[in-house]
2 protein chains.
Amino acid sequence: MPQDRAPTRIQKRNRAAILEAALNVFSANGFRGATVDQIAAEAGLSKPNLLYYFPSKEAMHEALLAELLDTWLDPLRALDDSGEPLEELLAYVHRKLEMSRDYPRESRLFANEIVQGAPRIHQALSEDLKALVDDKVALLRAWMDAGRIAPVHPYHLIFSIWSLTQHYADFDVQVRAVLGDEDPFDGADLFLDTLYRRLLSPRPD
Amino acid sequence: MPQDRAPTRIQKRNRAAILEAALNVFSANGFRGATVDQIAAEAGLSKPNLLYYFPSKEAMHEALLAELLDTWLDPLRALDDSGEPLEELLAYVHRKLEMSRDYPRESRLFANEIVQGAPRIHQALSEDLKALVDDKVALLRAWMDAGRIAPVHPYHLIFSIWSLTQHYADFDVQVRAVLGDEDPFDGADLFLDTLYRRLLSPRPD
DNA sequence: TTCTGATTTGACCAACTGGTCAAACTCACG
DNA sequence: CGTGAGTTTGACCAGTTGGTCAAATCAGAA
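Residues numbered from 1 in each chain as written. Chains lettered and ligands numbered in written order. Predicted model: local features only at pLDDT ≥ 70, side-chain atom pairs only at ≥ 80, totals over all residues. Heavy atoms only, no water.

Below, the discussion takes up the protein's contact with DNA strand C. Close contacts around DNA strand C come from 21 residues, with Arg9(A), Thr8(B), Gln11(B), Arg32(B) and Tyr53(B) the closest. Each atom of DNA strand C within 4 Å of the protein was assigned to sugar, phosphate or base; sugar and phosphate come to 65%. In this structure, a phosphate oxygen belonging to DNA strand C sits 2.9 Å away from a side-chain N or O atom of Asn14(B). A distance of 2.6 Å separates a phosphate oxygen of DNA strand C from a polar atom in the side chain of Arg32(B). Broken down by secondary-structure element, the contributors of at least two residues to the surface near DNA strand C are α3 (47–53) of chain A together with α1 (9–33) and α3 (47–53) of chain B. (Near = heavy atom within 4 Å. Polar contact = N/O pair within 3.5 Å; in protein donor to acceptor, adjacent residues only side chain to side chain. Helix = DSSP H or I, 4+ residues; strand = E, 2+ residues; numbered from the N terminus.)

What follows deals with the packing of helix α10 (residues 172–179) of chain A against helix α9 (residues 154–170) of chain B. Contact geometry for α10(A) and α9(B): axes closest at 11 Å, N-to-C directions at 150°. With respect to each other, α10(A) and α9(B) are oriented roughly antiparallel. For the pair α10(A) and α9(B), the crossing hand works out as right-handed. Between α10(A) and α9(B), the residues in contact are Gln174(A), Val175(A), Val178(A) and Leu179(A) and Tyr155(B), His156(B), Phe159(B) and Trp162(B), respectively. Among the residues making up the contact of α10(A) with α9(B), the classes are represented as six nonpolar, two polar and no charged. (Axes fitted to C-alpha atoms, helices over the stretch in contact; angles between N-to-C directions. Parallel < 35°, antiparallel > 145°, perpendicular 65-115°, else oblique. Left-handed = near helix turned anticlockwise from the far one by under 90°. Contact = heavy atoms within 4.5 Å. Nonpolar A, V, L, I, M, F, W, Y, C, P; charged D, E, K, R; others polar.)

Given 3.6 residues per helical turn, the α-helix brings residues three or four places apart onto the same face. The end-to-end C-alpha separation of helix α4 (residues 57–72) of chain A is 22 Å, in line with the 22 Å expected for 16 residues at 1.5 Å each. Listed as buried for α4(A) are Lys57(A), Ala59(A), Met60(A), His61(A), Leu64(A), Leu65(A), Leu68(A), Leu69(A) and Trp72(A). (Expected span 1.5 Å × (residues − 1). Buried < 20%, exposed > 50% of the residue type's maximum accessible area, 1.4 Å probe, protein only.)

Moving on, we get to helix α1 (residues 9–33) of chain A. Taking 1.5 Å of rise per residue, 25 residues should cover 36 Å, yet α1(A) covers just 31 Å from first to last C-alpha, more than 12% shy of that figure. Ser27(A) marks the point of greatest bend in α1(A), at about 80°. (Bend = angle between axes of the 7 residues up to and from the residue.)

Moving on to the domain arrangement of chain A. Residue and element names in this part refer to chain A. Taken domain by domain, chain A comprises domain 1 (1–55) and domain 2 (64–200). Of note, the centres of domain 1 and domain 2, computed from C-alpha atoms alone, are 30 Å apart. Counting from both sides, the interface comprises nine residues of domain 1 and, opposite them, eight residues of domain 2. Between domain 1 and domain 2 lies a buried interface of about 790 Å² when both sides are counted; carbon and sulfur atoms form 63% of it. Our count for the contact surface shared by domain 1 and domain 2 stands at one salt bridge. The salt bridge involving Arg105 is made with Glu20; its shortest N-O contact spans 2.9 Å. On the surface where domain 1 and domain 2 come into contact, there are three residue pairs in polar contact (both at pLDDT 80 or more). Looking at side-chain class alone, the side of domain 1 that touches domain 2 contains five nonpolar, three polar and one charged residues. (Domains from an automatic or database assignment. Buried area = accessible area lost by both parts, 1.4 Å probe. Salt bridge = Lys/Arg side-chain N within 4 Å of Asp/Glu carboxyl O.)

This brings us to the protein's contact with DNA strand D. Not every one of the 21 residues close to DNA strand D is listed here, only the nearest: Thr8(A), Gln11(A), Arg32(A), Tyr53(A) and Lys57(B). In the environment of DNA strand D, a phosphate oxygen lies 3.0 Å from a nitrogen or oxygen atom belonging to the side chain of Asn14(A). Taking Lys47(B), its side chain carries an N or O atom lying 2.9 Å from a base nitrogen of DNA strand D. Within the residue set of the surface near DNA strand D, elements represented by two or more residues are α1 and α3 of chain A together with α3 of chain B.

Time to look at the UniProt feature "domain: HTH tetR-type" (unreviewed entry) in chain A. UniProt annotation of "domain: HTH tetR-type" (unreviewed entry) refers to residues 12–72 of chain A when read in the numbering used here. Note that residues 12–72 of chain A is 87% helix and 0% strand, and that its end C-alpha atoms are spaced 23 Å apart. (UniProt positions renumbered as here; feature names shortened; annotations may be inferred.)

The next subject is the interface of chain B and chain A. On the chain A side, the residues contacting the 54 residues of chain B number 56 residues. Buried area between chain B and chain A, both sides added, is near 4800 Å², and the carbon and sulfur share of it is 67%. The largest contributions to the chain B side of the interface with chain A come from Val115(B), Val178(B) and Arg198(B), which together make up 16% of the buried area. One can count zero salt bridges joining chain B with chain A. Between chain B and chain A we count 20 residue pairs in polar contact (both at pLDDT 80 or more) in total. Taken together, the elements giving at least two residues each to the side of chain B that touches chain A come down to α1, α7 (104–115), α8 (122–145), α9, α10 (172–179) and α11 (184–200) of chain B. Among the elements that make up the side of chain B that touches chain A, the one with the highest residue count is α9(B) (twelve residues). Among the residues making up the side of chain B that touches chain A, the classes are represented as 29 nonpolar, 18 polar and seven charged.

A word on the packing of aromatic side chains. This model, assessed by the stated rule, comprises ten aromatic pairs over all chains. With centroids separated by 6.4 Å and ring planes inclined at 80°, the aromatic side chains of Phe159(A) and Tyr168(B) adopt a geometry described as edge-to-face. With Phe159(A) in helix α9 (residues 154–170) and Tyr168(B) in helix α9, this pair bridges two chains. Each member of the pair, Phe159(A) as well as Tyr168(B), is classed as buried. Centre to centre, the rings of Tyr168(B) and Phe185(B) are 6.2 Å apart; their planes meet at 50°, and the pair counts as tilted. (Phe/Tyr/Trp six-rings, centres within 6.5 Å; stacked < 30°, edge-to-face > 60°.)

Listed below in structure tokens is the structure:
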């Protein structure tokens, strides 16, 4: 296996090619459904060569998940008190929907993992993820208490954003089967904007 | 294999046991991740005995999906013009959420299939499902045109209901990891009620 | 009880899968 | 050009998996 010195040019290229191929295959077939041969073919390398760069199929999967979880939550991390609360939240929704459009493979990789009980990232969920959400929930509560957005259950508000946006990546086939030719994301963008404006606009009371 | 006369007592019992076990295993591991041995063990039968009742692993999966798709859409079929539109829709949301709580395995079986591109039910989606949704969308449009609910993109409205309710079954681990001890469904029920009331309440204009 | 079709199973198989390994090849640098 | 580290691969292996089959066992109608 490659030494842990600075990676050579070849190492960089091949690692990237393998991860790219692995993302394709894992996201489309799940961990168990993916085969190393398939990933090797997709990456244009031989099977033993894959296992020269990653010690096991499991290791490729882990590498993908580790990288994913980090970047996947960036939009939520970016949510802060810098602007108007409602616009801030709408921007978050918008960014999440963009990720579903531009990185559907990542979304499906994540969905596959969670649907099957998150055997490999359960700890990260109840530690890192929970901590981040708790933090942002505090911000939401502050906004609600100050009357700057309408009060709703803050945790379920966040779940709803995840659910509604990721749905367009994870259930893409279903959405397209029903919509026909219409572009799902154009309609979704407007619909979600409307939905969260009506849900969260400060209301007299 | 069993003849196609009227099923015997034993045939009924064993077929049911097999499908029950298959639902457990398929929904938890996906099609590729499930093994016939696993299903056999769960059903308390030997592997060759399973294959006496179903010609293949594929056939068990098909039997489950066929039954599922039919019952899964019952709540939507029940949506009609008999009551107040908003309450009718809220009842639909409520029923769907109940299904996520009471039949999470079915929801996950479906999710697994769709996330991986619906290779086995693509046709049913773009024919039966699309037809049903088109039909209900006409009803929604009529309600909107009559000013009885607020206007929104009707297809995305239906997607949102599927997404928000099924999320609590499919992403159960994630939801619980974040919520801790709090019961997800209690909060979800109230949250979704609020969300759709605010989204759909007829508004002056 | 007997007999026939229904049910069950142990033994088996071929294909597939993740992973190993020694040998061969390539590259960059002195 | 020589050389040693870095890279690649064909051949191989053991475990798993979906599925087969002939033989054994069982249920129930006559």
